[in-house]
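Architecture at a glance
If you want the building blocks of each chain, they are given just below.
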Amino acid sequence: MPERKKLFLLDAMALIYRAYFALNKNPRINSKGQNTSAILGFINTLLEVLKNEQPTHIGVAFDTMAPTLRVEGYAEYKANREKMPEDIALSLPYIVQLIEAFNIPILKVDGYEADDVIGTLAKKAEKENFEVFMMTPDKDFGQLVSENIHMYKPARMGNKAEVLGVAEICDKYKIKHPEQLIDILGLWGDTSDNIPGVPGIGEKTASKLISEYESIENLLKNTAELKGKLKENLENHAEQALKSKELATIILDVPISFNADDLVHGEPDKQKLAELFADLEFRRLSERIFGEADDEPEEEPAQKEEKAGDLFSSAGMELPQMKFKTLEDVDHQYHLVHKEKDIHKLLERLKDTESFCFDTETTGLNANEAELVGMSFALEKGEAWYVPVPENYNDALGLVSQFKPLFENESIGKTGQNLKFDISVLRWYDVEVRGPLFDTMIAHYLIEPDLRHNMDFLAETYLSYKPVSIESLIGKKGKNQQSMRSVQAAIIKDYACEDADITLQLKEVFEPMLKESATIKLFNEIEMPLVPVLASMEAEGVKLETAALKEFSAELEKDIKKLEADIQEQAGESFNISSPKQLGEILFKKLKVTDNPKLTRTKQFSTSEDILARLADKHPIIDSILDYRSLTKLKSTYVDALPRLINPRDHRIHTSYNQAVASTGRLSSNNPNLQNIPIRTSRGREIRKAFVPRNEDYTLLAADYSQVELRIIAELSEDPGLIETFMQGLDVHSATAARIFGVPLNDVSPDMRRSAKTVNFGIVYGISAFGLSERLNIPRKEAAEIIDQYFAKYPGVKAYMDSTIEFARTHGYVETMMGRRRYLRDINSSNATVRGFAERNAINAPIQGSSADMIKIAMINIHQSLKQEGLKSKMIMQVHDELVFDALQTEVNMLGEIVSEKMRKAIPMTVPLVVDMKTGKNWLEAH
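Figured I'd write up the structure that's included with this text. (Residues numbered from 1 in each chain as written. Predicted model: local features only at pLDDT ≥ 70, side-chain atom pairs only at ≥ 80, totals over all residues. Heavy atoms only, no water.)

**Regarding the environment of Asp11**
Stated formally: By the criteria applied, helices consist of DSSP H or I runs no shorter than four residues and strands consist of E runs no shorter than two, each listed in order from the N terminus. Note on classification: 1.4 Å probe, protein chains only; a residue is buried when its accessible area is under 20% of the maximum for its type, exposed when over 50%, partly exposed between these limits. Contact between two residues is taken to exist if any of their heavy atoms lie within 4.5 Å; hydrogens are not considered. The term polar contact refers here to a pair of N or O atoms within 3.5 Å; inside protein, the definition further demands a hydrogen-donor-capable atom paired with an acceptor-capable atom, and it admits residues adjacent in sequence only when both atoms are side-chain atoms.
Here Asp11 shows up in strand E1 (residues 6–11). On the basis of relative accessibility, which here comes to 4%, the residue Asp11 falls in the buried class. Along the chain, Asp11 and Val330 lie 319 residues apart, while their C-alpha atoms are 47 Å from each other. For Asp11, the contacting residues outside a window of four places in its chain are Ala61, Ala114, Asp115, Ile118, Met135, Thr136, Asp138 and Phe141. A distance of 3.1 Å separates the side chain of Asp11 from the side chain of Thr136, its partner in a polar contact.

This is how it looks when you write it as structure tokens:
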């Protein structure tokens, strides 16, 4: 029996909008400043369906610019829709070209919407024995579902694609036939399309009414059976309900013929696809599609391309030649240096230069565990040297020691890509890299903070050059990947020399760009001096008391078992508490903890932490569930995981600080992520007990900026009231509460202070009345009044926010106190949602960024002072606004004075900075 034909009909604009807003908080911007989020998201969705579903037939439906029948009959239809974001409008021509390059037909008919085109073709295809999948996130398509026509909701946010048939639609809306969804939509309305519906009727009421009366027409005949406001609204808006039903009905007689041959999924145009991907800078995606790269994401987590898979590899397709130079195309002299006389010649040449570029080759990417395999050096474009390093540590130490005076020469500059890694590796070989530094990764991070910063991307973007891939030497990532140690030095030579050569060329590109963007001072005075500080902190690491964690883990296991039994007893049955679906069924279907449960995008019951926290007073089981989640995460993510991160070399934990990830300038860390170690719960704080001094002669000293972001707001806004609060040393939250509630300071209640605290911190993030009402669980009107009062009492803050947004609109960026820029490409968008997000960033970035700059300056100055004074105490951790030191007991007083002074004076301000400081036998005690 022949395989049944499978037709996929894609709702283009719904999928494009979905893709754009999914990436809106972390947009994909290429080197030309083009926002490619919508294009990338849409193409990945298309690729996903081509690979996973393998349709025999496919088409993509678009709206046209011509007025539709609905608008002609009802002028208000879609009248309140936000104007299309400019980035989507600019993306549409590319998306159309990509669809055409895939040889997929574009379906559109003037006067009709894409919904109507899809509906008409779906019904025609069904009659010709096709299985049809309408690919869209739009709920309206549920009305078309039949035995042979399905809704296909693409995968999103880690959830798999969802296929909805007759049973799913009927169960979801409690109806007998999918067509009755039209009646539900007629009563419910649709604000996005300006379909009015009936006032006071939402989804739940509409479903209940249609379940009982089957249609709007029958419901209107029987309004006598209803009562109160519902009866009144239906009778007064009967005509509006019928009109809304008409508007919600997808038209099934669009003048478009169904020709199956035209929709056959054929071969894509390889050359055209390659050219488009090159233009859009979808390099990683291009490689994946054509089966030439592994499925690993890009280096920077802020800018990952989604996996497409080796979609065409089985068809034998090859990627056409991209327009990049390679090692084969350029003149170069790369030397292998392994004889003693050649090493001396190289050293003499390097000693006579003002600056050189270098790179290290290692056995791994963890600087505190990797072994040095070789070093490469470059002085001029096109020439470089590679020096292999012996495997035996003592022999390696002997070789590297010859380069030690060169690396430690204060007057010779050093250039590299991600220099902190190379510096950290060399520390294990008794080398401390000194002198002026130039890191191309960080230079680009300051020039274009929202782009990627890995060397391949930089070389392709700024040099039109494609470097040799690491996979060509050691194979693809996975269990079969070799170590660099197993590759012959003669083969490594070109790869290693090229790294140094290309990095040197990138420096020549970025140095003038730093000056043009006015970030050269930030680069030279903050970011570069910070590199060796972070390398030193990473190398020091911190001691972990594993016995305490093991004991804590056992305690948690007992408590988790008790909570598990308690939850299942309250539920009256056994179920998987960690399954959101099963938990949702228990809470909202069986226990009915609320009459109006929130649903996820996939229409499952939402059991997110914020939802459950709001329902905590509805049933005692919820507190138990929240405790269960907290303890299981605590145990798996920290208590059990931290001991596995102990370095076997020195038995200490060594985090890795990321200097070029957060666009605000903040540092992040990983393995472990120190920023996320919980501190809000008593059990979470217990983890800090395991971080201890190196021995009994030492103690931990923690120094923390007090309310630094609020002090920066006061400084930037120059608001007299806020400045006075800090000058007088008052509690800022109580002082704010006294002002906005109009009571004496002594009469401020805990609830007043809590409200004021939420506003104080919320203002930084552009909190709305809705957001404040949600956080404080108060009416929105009351929340709006609190915000109005805040701005009335602190007019300087409002003026600062307005002037900052205006500056951003004029210049396209905002700056920190030290000149760090945050570019805001959507600040003048005509789409209010997009523009609002950019405006909130405009307000927040100078504050968060100035705070980040401040602690970086403090770290640099403290590090220098510790060295100058010859102290044995070491700075070992940075978490948000806190610094932690492994302090020699006899040096505590002197260390405290240094730390306090350098933190308070990091950036000169009118508003006083306060540093809270404590010592203790563990991090918890010191915090």
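On we go.
**Some words on helix H16 (residues 419–427)**
Within H16, eight of the nine residues are buried, which leaves it mostly tucked inside the rest of the structure. Residues Leu419, Lys420, Phe421, Asp422, Ile423, Ser424, Val425 and Leu426 constitute the buried set of H16.

**Comments concerning the pairing of strand E20 (residues 874–879)**
Here is the key point about a regular strand: its side chains alternate between the two faces of the sheet. The following threshold applies: At least two bridges found by DSSP between two strands is the condition for calling them paired.
Here E20 lies mainly inside the structure; five of its six residues are buried. Counted along the chain from E20 to the antiparallel partner strand E21 (residues 882–888), the turn is two residues long, and its residue His880 has a positive phi close to 55°.

**Some details on the pairing of strand E2 (residues 57–61)**
Counting buried positions along E2 gives five out of five residues, so the element sits mostly inside the fold. Residues of E2 alternate between two faces, with His57, Gly59 and Ala61 on one and Ile58 and Val60 on the opposite face, all of them buried. Of the pairings in the sheet, the one linking E1 to E2 comprises five bridges and is parallel in character. Looking at E2, one finds that Leu7 is bridged to His57.

**Here's the deal with the packing of helix H31 (residues 769–776) against helix H32 (residues 780–793)**
The line we're drawing: Think of each axis as a best-fit line through the C-alpha atoms, taken over the contacting stretch in the case of a helix, with angles from 0 to 180 degrees between the N-to-C directions. With respect to orientation, any angle under 35 degrees is reported as roughly parallel, any angle over 145 as roughly antiparallel, any angle of 65 to 115 as roughly perpendicular, and every other angle as oblique. Crossing chirality is assigned from the near helix's rotation relative to the far helix, an anticlockwise turn below a right angle marking it left-handed and a clockwise turn marking it right-handed. Charged means Asp, Glu, Lys or Arg here, nonpolar means Ala, Val, Leu, Ile, Met, Phe, Trp, Tyr, Cys or Pro, and polar covers whatever is left, Gly included.
Across the interface, H31 lies against H32 with an axial gap of 8 Å and an inter-helix angle of 115°. One way to sum up the angle between H31 and H32 is to call them roughly perpendicular. H32 is crossed by H31, and the crossing has right-handed handedness. Between H31 and H32, the residues in contact are Ala769, Phe770, Leu772 and Ser773 and Arg780, Ala783, Ala784, Ile786 and Ile787, respectively. Its residues placed into classes, the contact of H31 with H32 shows seven nonpolar, one polar and one charged.

**Concerning the sheet that holds strand E17 (residues 698–705)**
Pairing is antiparallel in the open sheet, where four strands are placed in the order E20-E21-E17-E22. Pairing within the sheet leaves two strands with one partner each, and these edge strands are E20 and strand E22 (915–920). Each adjacent strand pair in this sheet contributes to an overall mean axis angle of 20°, direction not counted. The pairing of E17 with E22 spans six bridges and is classified as antiparallel. Across the sheet, residue Ala703 finds its bridge partner in E22, namely Met917.

**A few points about the nonpolar core**
The test is simple: Only buried residues count toward a nonpolar core, which is a set of Ala, Val, Leu, Ile, Met, Phe, Trp, Tyr and Cys residues joined through side-chain atoms within 4.5 Å.
Phe377, Phe403, Phe407, Phe691 and Tyr705 are the most contacted members of the largest nonpolar core, which has 185 residues in total. Excluding anything up to four places from it in sequence, Phe691 contacts Val542, Lys543, Leu544, Leu642, Leu674, Ile677, Leu700, Met877, Asn922 and Trp923. Grouped together as the second largest cluster of nonpolar side chains are 51 residues, Leu7, Val109, Tyr173 and Phe258 included.

**Some words on helix H5 (residues 114–127)**
Note the threshold: Expected helix span is given by 1.5 Å per residue-to-residue step, counting one fewer step than there are residues.
In a regular helix each residue adds 1.5 Å, so 14 residues correspond to 20 Å; H5 covers 20 Å between its end C-alpha atoms and thus fits that length. In terms of burial, H5 is largely enclosed, as 10 of its 14 residues are buried. Among the residues making up H5, those that are buried are Ala114, Asp115, Asp116, Val117, Ile118, Gly119, Thr120, Leu121, Ala122 and Ala125. Phi turns positive, to about 65°, at Asn129, one or two residues after H5.

**Thoughts on the side chain of Ser873**
Here Ser873 shows up in the loop between helix H34 (832–868) and E20. Under the relative-accessibility criterion, Ser873 is labelled buried at 1%. One polar contact links the side chain of Ser873 to the main-chain amide nitrogen of Leu888, over a distance of 3.0 Å. A distance of 2.7 Å separates polar atoms of two side chains, one belonging to Ser873 and the other to Glu891. Not counting chain neighbours up to four residues away, the residues in contact with Ser873 comprise Leu866, Asp886, Ala887, Leu888, Glu891 and Leu895.

**With respect to the state of the cysteines**
Inclusion rule: Here, two cysteine sulfur atoms that lie within 2.5 Å of each other are counted as a disulfide.
In this structure the tally under the stated criterion is zero disulfides. Sulfur of Cys357: no disulfide; nearest cysteine sulfur belongs to Cys497 and is 11 Å away. Overall, Cys497 belongs to the buried group, its relative accessible area being 0%.

**Some points on the packing of aromatic side chains**
Geometry of an aromatic ring pair is reported as the spacing of the ring centres plus the angle between the planes. Heads up, the condition is: Here the aromatic set is Phe, Tyr and Trp, taking the six-membered ring for Trp, and pairing holds for ring centres within 6.5 Å; pairs whose planes are under 30 degrees apart are stacked, those over 60 apart are edge-to-face, and all others are tilted. Working rule: Lys NZ or Arg CZ, within 6 Å of ring centre, within 35 degrees of ring normal, means a charge sits over the ring.
One pass over the full model with this rule turns up 22 aromatic pairs. Both rings, one in Tyr20 and one in Phe21, keep their centres 5.0 Å apart while their planes meet at 80°; by these two values the pair is edge-to-face. Connected via pairs of aromatic rings, a cluster forms that spans Phe356, Phe358, Phe377, Phe403 and Phe407. Its end group placed over the ring of Trp923, Arg688 keeps NZ or CZ at 3.8 Å from the ring centre.

**As for the sheet that holds strand E5 (residues 149–153)**
Taken in spatial order, the six strands line up as E3-E2-E1-E4-E5-E6 in an open sheet, and their pairing is mixed. With one partner strand each, in any of the chains shown, strand E3 (106–107) and strand E6 (162–164) form the two edges of the open sheet. As judged from the four bridges shared by strand E4 (residues 131–135) and E5, these two strands associate in the parallel manner. Bridge pairing links Val132 to Ile149 in E5. Lying over the sheet, helix H1 (residues 12–22) contacts E1, E2 and E4, oriented at roughly 60° with respect to E1. Of the strands in this sheet, E1, E2, E3, E4 and E5 touch H5, which is tilted by about 170° from E1.

**So, unusual backbone geometry**
That bond from Asn671 to Pro672 is cis: its omega, 0°, falls within 30 degrees of zero. Within the secondary structure, Pro672 sits in the loop between strand E15 (668–670) and helix H26 (682–685). The backbone phi angle of Glu214 is positive, close to 75°, even though this residue is not glycine. Structurally, Glu214 can be placed in the loop between helix H8 (203–213) and helix H9 (216–221). For Glu214, a relative accessible area of 38% puts it in the partly exposed group. For Asp430, which is not a glycine, the phi torsion comes out positive at approximately 60°. Mapped onto the elements of the fold, Asp430 is located in the loop between H16 and strand E12 (437–439).

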